[in-house]
Amino acid sequence: MPWRGEQSFEDLLRKEGRKTPTRHDFLFIGIDQQSLQLDAVGPEEIAGNRALELMTERPFPWSRELWALLLDRLFRSGARLVMFDMIFNNPNDGDPIFGAALARHHDRVVLGMNIDTQNNTQIVLPNAQLVSPPAQTDDRVGFVNYWNDEVDGKLRTARFFTSLSQLADVAPTSGDEIYASLATRALTKLGRAADIPQDQHDHLFRFSANDAYPAVPLWRMFLPSFWHANYADGAVFKDKIVIVGASSQIQHDFIVTPMNPAAPGPAIHLQVIAAAEAHEFLRQTPTRVILGLVVAAGVIGWGVIPFLRRPILSLFSLIAISAIYLGLARLSYDRSGFLLATVPVLSTLLLCGVSTLGIDYAIERMEKLRTRRTLERYVSKNLVKEILENPGGYLNSLKGSRMPATILFSDVVGFTTLSEKADPEELVRHLNEYLSAMTKVVFQNGGTLDKFIGDAIMAVWGNVKSQGKAKDAKAAAHAALAMRRELLRLNNKWKTEGRMTLGMGVGINQGDVLAGNIGSQDRADLTVIGDAVNLASRLEGLTRSYGVDILVGARAANLIRDEFHLRSVARAQVKGKSEPVDVFSIVDARNPNLDHELLIWLETYEEGIRKFRDREFTHAKILFSRFLEFYPDDSLAKMYLERSLEYEQAPPDEEWNAVEVFEKK
């Protein structure tokens with residue numbers, strides 16, 4: 001494919017590059033369709049015109065007397081040379097007259113002979129009445145053959161001499177008869193023998209433009225009106241080199257070239273003669289040089305990527321090198337006729353460059369993946385993603401900034417007691433299984449794992465990449481519910497394995513935090529600090545006091561209320577806070593499969609809370625009692641029933657506001 005591509009590129013240069021200059025002293029007289037039919041000439045014009053009468057007496061081939069008339073007319077007009085791209089091998093009634101004309105103009109006329117390689121390499125010569133045998137040695141006879149490329153059938157070369165040994169592809173012998181081409185005979189008669197390559201090789205030549213030598217219709221040469229008006233009574237042909245041959249489609253004398261899929265054969269002879277006189281032969285890159293260029297291209301293609309280390313710059317460098325090389329190839333073709341090998345060289349350059357770029361990219365991706373997996377063992381997945389994919393944003397976050405975030409703390413209930421009794425190895429395995437499951441839940445819900453604090457987990461939403469305050473809070477709530485479900489699954493599994501089960505407390509809060517890289521010069525963490533973080537931690541601790549697994553602060557509750565069923569828990573003033581906060585528990589996400597009876601009775605519970613806070617303890621007692629009839633194990637309802645009974649008997653003072661103050665963390 002590269003070599004075929006190289007040939008196609010060379011053909012492109014032939015089309016777009018410099019051409020052999022058009023010779024204005026070259027003319028092509030064509031036997032066109034109108035000459036064959038002669039339907040453009042009336043009977044009155046034919047009458048008395050010997051040439052036109054010969055053209056109408058019978059179909060082509062006409063009497064060869066016609067060619068004698070043409071030769072006399074052209075040479076009387078001062079033509080230098082006339083070539084016939086025709087094979088006059090069969091006898092014809094006009095041969096004596098034509099033969100006499102050929103003898104008369106011996107030094108200024110050339111005829112064609114054909115080497116028929118399809119039929120045992122037969123030599124087809126003009127008949128003996130025209131040229132005395134051996135005609136092949138007569139300086140008026142030259143072969144009209146060209147040998148096209150065997151692969152694509154296009155003509156790119158001209159051969160000026162050949163022999164039967166060469167045509168038979170055998171070693172030449174000293175007695176080989178050498179045949180000269182039509183172009184060779186013409187150049188010799190024009191005194192340009194020194195311009196002819198003296199060998200039997202096929203020579204690449206530079207083509208002329210496709211419209212360089214248009215055909216002059218033969219019939220017009222004999223029509224007096226045209227001869228006078230168009231050809232100035234023959235003055236146009238003074239000092240001209242003329243070739244006569246077929247130009248009609250029916251005669252099939254067309255050659256496929258890189259320039260034209262149907263170039264007239266006679267025009268190709270003129271182009272070859274013009275190229276030889278102007279020394280417009282082309283030279284291809286030697287094989288050794290091609291191999292050297294390919295190796296150099298491979299080295300450059302492989303070397304530019306590691307040297308530059310920047311993919312985009314490397315890609316542009318490859319493109320720039322290719323463009324410069326293409327320009328050099330065009331310049332060498334136009335200036336010196338040198339076909340610089342291009343497609344194999346540039347294919348190697350680009351293939352090596354792109355493959356190296358691809359390998360480098362793959363290695364970089366593998367290294368990034370290895371780095372990501374390593375980092376993900378220690379920090380959150382979304383934090384790792386942000387660091388690797390948006391390092392600028394991450395570096396800005398290291399400076400510290402205030403932002404809204406949702407914080408979740410999760411802790412194992414009673415772990416300290418468990419750790420005193422359990423086997424250390426079993427406890428570590430147990431804890432790792434629990435933490436792995438909970439961490440996975442955090443990642444699945446887009447959270448950042450801030451840190452492990454022993455058996456506790458701190459996760460944050462909105463510090464690395466925020467989806468908005470409400471979405472961050474809802475994602476944290478979904479994570480808490482998923483933790484609840486995951487712990488239930490783990491406990492069921494551990495029960496079947498005879499292992500201890502665990503309890504869990506989760507605290508969620510939303511608020512403004514200070515995010516940044518916080519720590520010492522030797523060790524620092526990207527974390528969040530602030531009052532909202534402390535409250536989330538306190539809420540997680542309060543889950544033991546209220547007997548629930550999830551507690552949510554008021555700000556987070558307001559953000560998630562439209563998507564989750566919440567339950568009022570208390571007004572609590574935790575340690576370190578001067579103002580109480582409303583605390584809620586998450587019942588579940590809003591979905592049609594939820595227990596509707598529970599939701600109805602939770603309204604009774606909420607009404608009891610309102611009565612309790614309004615100091616209507618008797619009404620509150622009744623409402624909590626009704627709720628407990630259906631949910632007797634509910635710890636919150638039990639707690640509020642006991643307090644309602646207590647306050648009913650001994651009401652609190654007037655300053656009481658239903659706030660519980662916690663002095664411990």
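As shown above, the structure is provided for reference.
Each chain has its residues counted from 1, running along the sequence as written. Where local features are concerned, this predicted model is filtered to residues with pLDDT of at least 70; where side-chain atom pairs are given and counted, the filter is 80 or more; whole-chain, interface and lining totals use all residues. Here the side-chain values reflect all heavy atoms present in the structure, with hydrogen atoms and water set aside.

### Here we look at the overall build of the chain
Move 1: A helix here means a DSSP run of H or I that spans at least four residues, while a strand means a run of E at least two residues long, and both kinds are numbered starting from the N terminus. The secondary structure content of the chain amounts to 23 helices and 24 strands.
Move 2: Restricting the calculation to C-alpha atoms gives the radius of gyration, and the globule rule supplies 2.2 Å times the number of residues raised to the power 0.38. Here the chain has a C-alpha radius of gyration of 51 Å; the compact-globule value for 665 residues is 26 Å, and the former is much larger.
Move 3: The dimensions of the chain, computed from C-alpha atoms along their principal axes, are 150 × 60 × 45 Å.
Move 4: Throughout, exposure labels follow a simple rule: accessible area from a 1.4 Å probe, protein chains only, divided by the maximum for the residue type, with under 20% read as buried, over 50% as exposed, and the rest as partly exposed. A burial count over the chain gives 48% of its 665 residues as buried.

### What to know about the packing of aromatic side chains
Move 1: Put simply, two rings from Phe, Tyr or Trp (the six-membered ring, in Trp's case) pair if the centres are within 6.5 Å, and we call them stacked under 30 degrees between planes, edge-to-face over 60, tilted for the rest. Counting across every chain of the model gives 26 aromatic pairs.
Move 2: Relative to Tyr 213, the ring of Phe 26 has its centre 5.9 Å away and its plane inclined at 35 degrees; by these criteria the two rings are tilted. A residue pair is termed long-range when its members are at least 10 positions apart, and Phe 26 in strand S1 (residues 26-31) and Tyr 213 in the loop between strand S9 (202-204) and strand S10 (215-217) qualify at 187 residues. Side by side, Phe 26 and Tyr 213 carry an identical accessibility label, which is buried.
Move 3: Measuring from centroid to centroid gives 5.0 Å for Phe 60 and Trp 62, while their planes differ by 85 degrees, and the two rings are edge-to-face.
Move 4: For Trp 62, a relative accessible area of 2% gives the class buried.
Move 5: Ring pairing ties together the aromatic residues Tyr 605, Phe 612, Phe 617, Phe 624, Phe 627, Tyr 631, Tyr 640, Tyr 647 and Trp 656, which thus form one cluster.
Move 6: Sitting over the face of the ring of Tyr 333, Arg 206 holds its NZ or CZ atom 4.7 Å from the ring centroid.
Move 7: Both a distance and an angle decide whether a charge sits over a ring: NZ of Lys or CZ of Arg must be within 6 Å of the ring centre and within 35 degrees of the ring normal. We note Arg 561 situated over the ring of Phe 584; from NZ or CZ to the ring centre the distance is 5.1 Å.

### Things to note about a nonpolar patch on the surface
Move 1: Patch membership requires over 30% relative accessible area and the absence of a salt bridge. Like charges are linked within 9 Å, and nonpolar side chains (Val, Leu, Ile, Met, Phe, Trp, Tyr) within 5 Å. Shrake-Rupley sampling with a 1.4 Å probe provides the accessible areas, and residues are treated as covered by the protein chains on show and by no other component. Each reported salt bridge corresponds to a side-chain nitrogen of Lys or Arg within 4 Å of a carboxyl oxygen of Asp or Glu. On the surface, Ile 312, Leu 315, Phe 316 and Ile 319 cluster together to form a nonpolar patch covering roughly 410 Å² of accessible area.
Move 2: Secondary-structure assignment places Ile 319 in helix H12 (residues 311-336).

### With respect to unusual backbone geometry
Move 1: Of the consecutive residues Phe 60 and Pro 61, the connecting peptide bond is found in the cis state with omega at 5 degrees.
Move 2: By the secondary structure assignment, Pro 61 is in the loop between helix H4 (50-57) and helix H5 (65-76).
Move 3: Residue Pro 134 follows Pro 133 across a cis peptide bond; omega there is -10 degrees.
Move 4: By the secondary structure assignment, Pro 134 is in the loop between strand S4 (122-124) and strand S5 (141-143).
Move 5: For Ala 232, which is not glycine, the phi dihedral falls at a positive 50 degrees.
Move 6: By secondary structure assignment, the location of Ala 232 is in the loop between helix H9 (224-229) and strand S11 (241-246).
Move 7: Located in the positive-phi region is Arg 615, a residue other than glycine, with phi close to 70 degrees.
Move 8: Its place among the elements puts Arg 615 in the loop between helix H21 (596-613) and helix H22 (617-630).

### Section: helix H18 (residues 469-497)
Move 1: The length a helix should cover is 1.5 Å for every residue beyond the first. Taking 1.5 Å as the rise per residue, H18 with 29 residues should run 42 Å; its terminal C-alpha atoms sit 42 Å apart, in good agreement.
Move 2: Just past H18, the residue Gly 498 takes up positive phi, approximately 75 degrees.

### Re the nonpolar core
Move 1: For the purposes of this section, nonpolar cores are sets of buried Ala, Val, Leu, Ile, Met, Phe, Trp, Tyr and Cys residues that join through side-chain atoms within 4.5 Å. Grouped together as the largest cluster of nonpolar side chains are 49 residues, with contacts concentrated most on Trp 67, Phe 84, Phe 98, Leu 218 and Met 221.
Move 2: For this core, the element with the most residues is H5, which contributes seven residues.
Move 3: Only heavy atoms enter the contact rule, under which two residues are in contact if any of them lie within 4.5 Å. Residues within four places of Trp 67 in sequence aside, it is in contact with Ile 31, Phe 60, Trp 62, Phe 84, Met 86, Phe 88, Phe 98, Leu 218 and Val 244.
Move 4: Val 412, Ala 477, Val 506 and Ile 560 belong to the second largest nonpolar core, which has 42 residues in total.

### Focus on the environment of Val 442
Move 1: Mapped onto the elements, Val 442 comes out in helix H17 (residues 424-444).
Move 2: Residues Val 442 and Ala 475 lie 33 residues apart in sequence; the distance between their C-alpha atoms is 9.0 Å.
Move 3: Among all residues touching Val 442, those that are not within four sequence positions of it are Gly 447, Thr 448, Leu 449, Ala 459, Trp 461 and Met 483.

### Re the pairing of strand S22 (residues 564-573)
Move 1: Within S22, eight of the 10 residues are buried, which leaves it mostly tucked inside the rest of the structure.
Move 2: Here S22 runs beside strand S24 (residues 659-661); their pairing, made up of three bridges, is parallel. If you follow Ala 572 over to S24, its bridge partner there is Glu 660. Two strands pair if DSSP finds at least two bridges between them.

### Thoughts on the packing of H17 against H18
Move 1: As a packed pair, H17 and H18 sit with axes 9 Å apart at the nearest point and diverge in direction by 150 degrees. The angle between H17 and H18 places the two elements in the roughly antiparallel class. Remark: the crossing between H17 and H18 carries right-handed chirality. Where H17 approaches H18, its residues His 430, Glu 433, Tyr 434, Ala 437, Met 438, Val 441 and Val 442 are matched on the opposing element by Ala 479, Ala 482, Met 483, Glu 486, Leu 487, Leu 490, Lys 493 and Trp 494.
Move 2: By the convention adopted, Pro, Cys, Tyr, Trp, Phe, Met, Ile, Leu, Val and Ala count as nonpolar, Lys, Arg, Asp and Glu as charged, and the other residues, Gly among them, as polar. Residue composition of the contact of H17 with H18, grouped by class: 11 nonpolar, one polar and three charged. In this description, a line fitted to the C-alpha atoms serves as the axis of each element, helices being fitted only across the stretch in contact, and the angle between N-to-C directions of two axes falls anywhere from 0 to 180 degrees. The labels follow the angle: roughly parallel below 35 degrees, roughly antiparallel above 145, roughly perpendicular from 65 to 115, and oblique for the rest. A clockwise turn of the near helix away from the far one marks a right-handed crossing, whereas an anticlockwise turn of less than a right angle marks a left-handed crossing.

### Observations concerning the pattern of salt bridges
Note on pairing: side chains with opposite charge can pair once their charged atoms come close.
Move 1: Evaluation of the coordinates by the stated rule reveals 42 salt bridges.
Move 2: The partner of Arg 192 in a salt bridge is Asp 195, with the nearest N and O atoms 2.6 Å apart.
Move 3: The exposure class assigned to Asp 195 is buried, which follows from its relative accessible area of 10%.
Move 4: Its salt-bridge partner being Glu 277, residue Arg 192 comes within 3.3 Å of it at the nearest N-O pair. Of the two residues, Arg 192 sits in the loop between helix H8 (182-189) and S9 while Glu 277 sits in helix H10 (residues 265-277), which places them 85 residues apart along the sequence.
Move 5: On the basis of relative accessible area, Arg 192 is assigned to the partly exposed category, the value being 30%.

### So, the side chain of Glu 65
Move 1: Summarising the element assignment, Glu 65 is placed in helix H5.
Move 2: A 3.5 Å cut-off defines polar contacts: any pair of N or O atoms within that distance qualifies, except that in protein one atom must be a possible hydrogen donor and the other a possible acceptor, and neighbouring residues in sequence count only when both atoms are side-chain atoms. Polar side-chain contacts of Glu 65 include one of 2.8 Å to the side chain of Arg 50.
Move 3: With near-sequence residues (within four places) excluded, Glu 65 lies in contact with Arg 50, Leu 54, Gly 94 and Ile 97.

### Regarding the packing of H22 against helix H23 (residues 635-649)
Move 1: One can describe the packing of H22 onto H23 by two numbers: an axis separation of 9 Å at closest approach and a directional angle of 150 degrees. With respect to their mutual orientation, H22 and H23 come out roughly antiparallel. Crossing hand, H22 versus H23: left-handed. Contact residues: Phe 617, Thr 618, Ala 620, Lys 621, Phe 624, Ser 625, Phe 627 and Leu 628 in H22; Ala 637, Lys 638, Tyr 640, Leu 641, Ser 644, Leu 645, Tyr 647 and Glu 648 in H23.
Move 2: A breakdown of the residues in the contact of H22 with H23 according to their chemical character gives 10 nonpolar, three polar and three charged.

### Let's talk about helix H11 (residues 287-308)
Move 1: Here H11 contains 22 residues, and its C-alpha end-to-end distance of 31 Å stays within 8% of the 32 Å for a straight helix at 1.5 Å per residue.
Move 2: Considered for burial, the residues of H11 that qualify are Ile 290, Ala 297, Gly 298, Gly 301, Val 304 and Ile 305.
Move 3: Directly beyond the C-terminal end of H11, a positive phi value near 65 degrees is found at Arg 309.

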